[in-house]
Amino acid sequence: MKRFQHVLTLLPSHTDGSNAIAWAKMIARAAGARKVDLISCTENHLPDFPPLEGQDSLLQGEHEKLSQWATGFEEATETEVFVETGNPLKLVLAHLAAGTYDLVILPVCDLDSRLFAERLARKSPVGVLLVPADRPPAFTSILTAIDLSDLSELALEWADAFSSLAQQETRLEALHVMKLPMDSRATMAISRDHLRREIHQSSLSQLTRLVRKTVNNPKSWKLTITENPLASREIVRTATEVEADLVIIGSHGRGALSVTLLGGQTAELIRNCDRPVLVVKKKNETLGILRQLIGLSK
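A brief look at the structure comes next.

Cut-offs and rules
Residues numbered from 1 in each chain as written. Predicted model: local features only at pLDDT ≥ 70, side-chain atom pairs only at ≥ 80, totals over all residues. Heavy atoms only, no water. Helix = DSSP H or I, 4+ residues; strand = E, 2+ residues; numbered from the N terminus. Core = buried A, V, L, I, M, F, W, Y, C linked by side-chain atoms within 4.5 Å. Buried < 20%, exposed > 50% of the residue type's maximum accessible area, 1.4 Å probe, protein only. Contact = heavy atoms within 4.5 Å. Phe/Tyr/Trp six-rings, centres within 6.5 Å; stacked < 30°, edge-to-face > 60°. Lys NZ or Arg CZ within 6 Å of the ring centre and 35° of its normal. Pairing = 2+ DSSP bridges. Axes fitted to C-alpha atoms, helices over the stretch in contact; angles between N-to-C directions. Right-handed = clockwise from strand over helix to strand, strands pointing away.

What about unusual backbone geometry?
Item 1. Positive phi, close to 65°, is recorded for L148, a residue that is not glycine.
Item 2. Mapped onto the elements of the fold, L148 is located in the loop between strand 6 (141-145) and helix 5 (152-163).
Item 3. The residue E243 is not glycine, and still its phi comes out positive at about 55°.
Item 4. With respect to the secondary-structure elements, E243 resides in the loop between helix 8 (231-241) and strand 9 (246-250).

Examining the nonpolar core
Generally speaking, nonpolar side chains in soluble globular proteins are found buried as a group.
Item 1. In terms of nonpolar packing, the biggest core is built from 48 residues, with I27, L129, F139 and F162 touching the most fellow members.
Item 2. In terms of residues, this core owes the most to one element, helix 1 (residues 18-31), which gives eight residues.
Item 3. Excluding anything up to four places from it in sequence, I27 contacts F4, G32, L103, I105, L129, F139, F162 and L165.
Item 4. Residues L89, F116, V126 and L269 belong to the second largest nonpolar core, which totals 37 residues.

Concerning the packing of aromatic side chains
Item 1. Tallied over the full model, the rule gives five aromatic pairs.
Item 2. The interplanar angle of 35° and the centroid separation of 5.9 Å between the aromatic rings of W158 and F162 together place this pair among those described as tilted. Here W158 pairs with F162, and both are found in helix 5, just four residues apart, close to one helical turn.
Item 3. With a relative accessible area of 4%, W158 lands in the buried category.
Item 4. Taken together through their ring pairs, the aromatic side chains of F4, W23, F139, W158 and F162 make up a single cluster.
Item 5. Geometry around F73 places K25 over its ring, the cationic atom sitting 5.9 Å from the centre.

What about the sheet that holds strand 2 (residues 35-42)?
Within a sheet, neighbouring strands are paired by backbone hydrogen bonds and run either parallel or antiparallel to one another.
Item 1. Pairing within the open sheet is mixed, and its 10 strands lie in the order 3-2-1-4-5-10-9-6-7-8. One side of each edge strand has no neighbouring strand; the edge strands of this open sheet are strand 3 (78-85) and strand 8 (221-227). Averaged over all pairs of adjacent strands, the angle between strand axes in this sheet comes to 20°, irrespective of strand direction.
Item 2. Where strand 9 meets strand 10 (residues 277-280), four bridges bridge the pair, whose relative direction is parallel. Within strand 10, the position partnered with G250 by the bridge is V280.

Digging into the pairing of strand 2
Item 1. Of all eight residues making up strand 2, eight are buried, and the element is well covered by its neighbours.
Item 2. The parallel pair strand 1 (residues 6-12) and strand 2, bridged by helix 1, forms a crossover whose chirality is right-handed.
Item 3. Where strand 2 meets strand 3, eight bridges bridge the pair, whose relative direction is parallel. Counterpart to S40 in the pairing with strand 3 is V83.

Structure follows, in structure tokens:
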């Protein structure tokens with residue numbers, strides 16, 4: 001499957017990466033991935049980083065651990081191990097700047113790892129899948145948050161792609177969280193209830209057309225319109241209610257600017273959702289900007 005041909009699994013130091021490896025193995029096996037890279041990044045400025053004479057032993061041990069994990073992949077999937085020291089964000093962006101990757105898998109376990117995930121999702125030229133340690137790989141229920149921006153179609157396509165990896169039927173739900181406009185002269189002439197009904201109907205019509213246009217089997221999708229001024233909270237609430245195995249959301253609907261901007265509600269979702277989250281990006285759309293940011297030539 002083209003969306004999963006080259007996967008990068010990032011394993012920052014001080015983070016349990018075993019579940020991220022489990023996700024990578026399951027995706028590679030089900031999708032027939034061509035290659036999976038396992039990258040361990042150790043920050044050499046941390047207080048517990050060993051002195052020069054102890055660094056070789058540390059890096060060798062890390063390489064052996066990743067090499068052992070790499071043996072669990074299918075023979076058809078090539079694996080490569082990288083053990084590096086330095087700034088993890090710069091290191092992984094340097095790999096992504098090659099332009100060959102389709103997806104990044106990243107473990108998250110605490111606020112620091114989620115803040116790092118937010119920074120990576122902001123600058124990555126491909127989608128980033130955030131995997132909590134206690135959520136094993138499963139696709140029985142996928143919730144796709146749709147804001148009706150230019151990334152909505154791509155989010156639905158990724159949901160279809162992930163559902164095709166499941167060995168059983170997947171419950172697919174597209175959620176749009178609407179927000180009533182603030183009171184103004186234009187809205188004061190209309191009752192709030194009437195305005196709510198109009199926005200709800202318009203949103204549902206747009207969502208229905210989008211799903212019918214994009215997904216393989218529109219009848220298998222549940223379409224939901226809810227109202228909340230804070231979309232991320234509603235997404236988290238719904239994900240818990242439907243017991244979603246995966247939440248999919250677009251990074252931002254602003255084209256090339258998404259390399260430096262991340263939608264506020266997407267950032268909030270990364271910080272607060274306790275379920276796996278896929279932040280979709282238009283593949284390599286921002287690659288040129290990324291290469292400039294990290295000092296690489298085009």
